[in-house]
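Each chain, letter by letter, is given below.
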Amino acid sequence: MYTLQEPDPNYVVNALWKVTGVDGEYTANIDGNTQFTSQQGPDFIPYDQLTEATVIGWISPEQIASAQACVQGQIDSLITPPVSPQNTPLPWSA
């Protein structure tokens, strides 16, 4: 996490996070970054008293859902790779 010393010591302004998904032998992940203009919630929590759950609670549910969907898409592509077209020589240029 990134902090500033104002308005309070170690005031969190940015959190880096990662969403990881596992399906059998397939694993995918995506990194995220959430910036804050103020710590979410009515009361300041000193840095050394923050918990993972508190900080995750500051990240919008839409941002988390979007990251989870991206990870699921990566896993789906690993399980069933997309078909890519091939560059085939023209039949009349042989």
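Model, not experiment: these values are computed from the prediction.

Enquirer: Any details on the overall build of the chain? Residues and values, ideally.
Expert: In terms of helices and strands, the chain carries two helices and three strands. Its helices and strands in sequence order give the chain the pattern β-β-β-α-α, from N to C terminus. When burial is assessed residue by residue, the chain has 20% of its 94 residues classed as buried.

Enquirer: Explain unusual backbone geometry to me, using residue names and the numbers behind them.
Expert: Backbone torsion omega between E6 and P7 reads 10°, so that peptide bond is classified as cis. Along the chain, P7 turns up in the loop between β1 (2–4) and β2 (11–23).

Enquirer: Pulling in residues and values, what's your account of the packing of aromatic side chains?
Expert: If you walk through the whole model with that rule in mind, you get one aromatic pair. Their ring planes at 75° and their centres at 5.5 Å tell us that F36 and W58 sit as a pair that is edge-to-face. Taken as a pair, F36 in the loop between β3 (26–35) and α1 (52–58) and W58 in helix α1 lie far apart in primary sequence, 22 residues in all.

Enquirer: A description of helix α2 (residues 61–79) should follow, citing residues and the corresponding values.
Expert: In this model, α2 (19 residues) spans 27 Å end to end at C-alpha, consistent with the 27 Å of a helix rising 1.5 Å per residue. The complete set of buried residues in α2 reads A67, V71 and I75. For α2, the angular spread of buried residues about the axis comes to 80°, placing them on one side. Of the residues in α2, the exposed ones pointing more than 90 degrees away from the buried face are P61 and E62. Contacts from the buried residues of α2 go to β2 and β3.

Enquirer: Can you lay out the nonpolar core for me, pointing to particular residues and giving the numbers?
Expert: Ranked by size, the top nonpolar core spans seven residues in total: W17, V19, A28, I59, A67, V71 and I75. Listed by contribution, the elements that provide at least two residues to this core are β2 and α2. Examining the composition of this core, we find that three residues originate from one element, α2, more than from any other. Leaving out residues up to four positions away in the same chain, W17 has contacts with I30, D31, G32, N33, T34, I59, Q63 and A67. One finds A15, F36, L50 and V55 within the second-largest nonpolar core, a separate group that totals six residues.

Enquirer: An account of the pattern of salt bridges is requested, with residue identities and associated values reported.
Expert: Applying the stated criterion across every chain, the model contains one salt bridge. A salt bridge links D31 to K18, with the shortest nitrogen-to-oxygen separation between them at 3.8 Å. Here K18 lies in strand β2 and D31 lies in strand β3, a separation of 13 residues in the sequence. The exposure class of D31 is exposed, given its relative accessible area of 55%.

Cut-off values and rules
The residue count restarts for each chain, going from 1 along the sequence in the order it is written. Only residues with pLDDT of at least 70 are given local features in this predicted model, and only at 80 or more are side-chain atom pairs given and counted; all residues enter the totals for whole chains, interfaces and linings. Note: side-chain values were computed over all heavy atoms of the structure, leaving out hydrogens and water. Under the scheme used here, helices are H or I runs from DSSP no shorter than 4 residues and strands are E runs no shorter than 2 residues, and both carry numbers assigned from the N terminus. Burial status follows relative accessibility: with a 1.4 Å probe on protein chains alone, a residue under 20% of its type maximum counts as buried, one over 50% as exposed, and anything between as partly exposed. Stacked, tilted and edge-to-face are the three classes applied to pairs of Phe, Tyr and Trp rings, where Trp contributes its six-membered ring and a pair requires centres within 6.5 Å; stacked means planes under 30 degrees apart, edge-to-face means over 60, and tilted covers the rest. Each residue after the first adds 1.5 Å to the expected span of a helix. By definition, the arc is the one covered by directions from the helix axis to the C-beta atoms. Contact between two residues is taken to exist if any of their heavy atoms lie within 4.5 Å; hydrogens are not considered. Nonpolar cores are built from buried Ala, Val, Leu, Ile, Met, Phe, Trp, Tyr and Cys residues. Side-chain atoms within 4.5 Å join them into one set. Here a salt bridge means any side-chain nitrogen of Lys or Arg lying within 4 Å of a carboxyl oxygen belonging to Asp or Glu.

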